[in-house]
Amino acid sequence: MNVIASSLTFFKKDQRWIPSIFFGMFGIIFAVNGLMIYIALNSWTGVTEDNYNKGLKYNQVLAADQTQQALGWQNQLELSSSNSVLTASLRVDDRQGQPVAAEIVAVNFVRPTNDGYDFSDELTAQGAGVFTGQWAMPLAGKWEMRVRITRGQDRYVLVRRVFVEPGAAPNS
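Computed from a predicted structure; not experimentally measured. (Residues numbered from 1 in each chain as written. Predicted model: local features only at pLDDT ≥ 70, side-chain atom pairs only at ≥ 80, totals over all residues. Heavy atoms only, no water.)

## Re unusual backbone geometry
Stage number 1. Of note in this structure, Asn83 is not a glycine but carries a positive phi near 50 degrees.
Stage number 2. Mapped onto the elements of the fold, Asn83 is located in the loop between β1 (74-82) and β2 (85-93).
Stage number 3. Take Asn83: its relative accessible area is 42%, and that puts it in the partly exposed class. (Helix = DSSP H or I, 4+ residues; strand = E, 2+ residues; numbered from the N terminus. Buried < 20%, exposed > 50% of the residue type's maximum accessible area, 1.4 Å probe, protein only.)

## A closer look at the packing of aromatic side chains
Stage number 1. All chains considered together, the criterion is met by 4 aromatic pairs.
Stage number 2. Measuring from ring centre to ring centre gives 5.7 Å for Trp73 and Tyr156, while their planes differ by 35 degrees; the resulting arrangement is tilted. Highlighted residues: Trp73 in the loop between α4 (58-71) and β1 and Tyr156 in strand β8 (residues 154-164), separated in sequence by 83 residues. In this pair, the class of Trp73 matches that of Tyr156, namely buried.
Stage number 3. Note on Phe119 and Trp143: the rings are 6.1 Å apart at their centroids and 70 degrees apart in plane angle, and the pair reads as edge-to-face. Here the residue Phe119 occupies a position in strand β4 (residues 119-122), and Trp143 occupies one in strand β7 (residues 141-151), the gap between them amounting to 24 residues.
Stage number 4. Taking the relative accessible area as the measure of exposure, Phe119 reaches 23% and is therefore partly exposed.
Stage number 5. Taken together, Phe109, Phe119, Trp135 and Trp143 form an aromatic cluster joined through their ring pairs. (Phe/Tyr/Trp six-rings, centres within 6.5 Å; stacked < 30°, edge-to-face > 60°.)

## A short note on the side chain of Glu144
Stage number 1. For Glu144, the position within the fold is in strand β7.
Stage number 2. Under the relative-accessibility criterion, Glu144 is labelled buried at 16%.
Stage number 3. Filtering out sequence-adjacent residues up to four positions away, Glu144 remains in contact with Asn108, Phe109, Val110, Pro112, Val159, Arg160 and Arg161. (Contact = heavy atoms within 4.5 Å.)

So, in structure tokens, the structure goes:
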């Protein structure tokens, strides 16, 4: 009985730290998991709105794409960025190589990774099918540029991924 009592005393005195290591490891795991859950719930969800209706209208999107291809318009988009300023020059010609006299050339900038920074503007006609614009971008990095060209009933959509070089934007 004396040997058993001394063994229990040895365990109680010198090795009390072993259970605390197990509790400490599980505590760290729970803390890291809690941090990941917090970040996941408070960051961008990745969910877009109205997906169901967009899916139902997919045949309309395909028809619009065929109509756009039938126009035969050709475009030349030149982009440059410096110090968070994006400059665009767009030339649009019809099937015969003649400049397209568009009524509206609207551009939407969409930030794929951050909500709240998207904005819209129009390109300025310079004549002979050339349209230009310049924007101080709110964030550097990748953007999606969606250009919608309208001439009467004709619509032409151009989508490009652009990279805006970081730097100090003017007036900031």
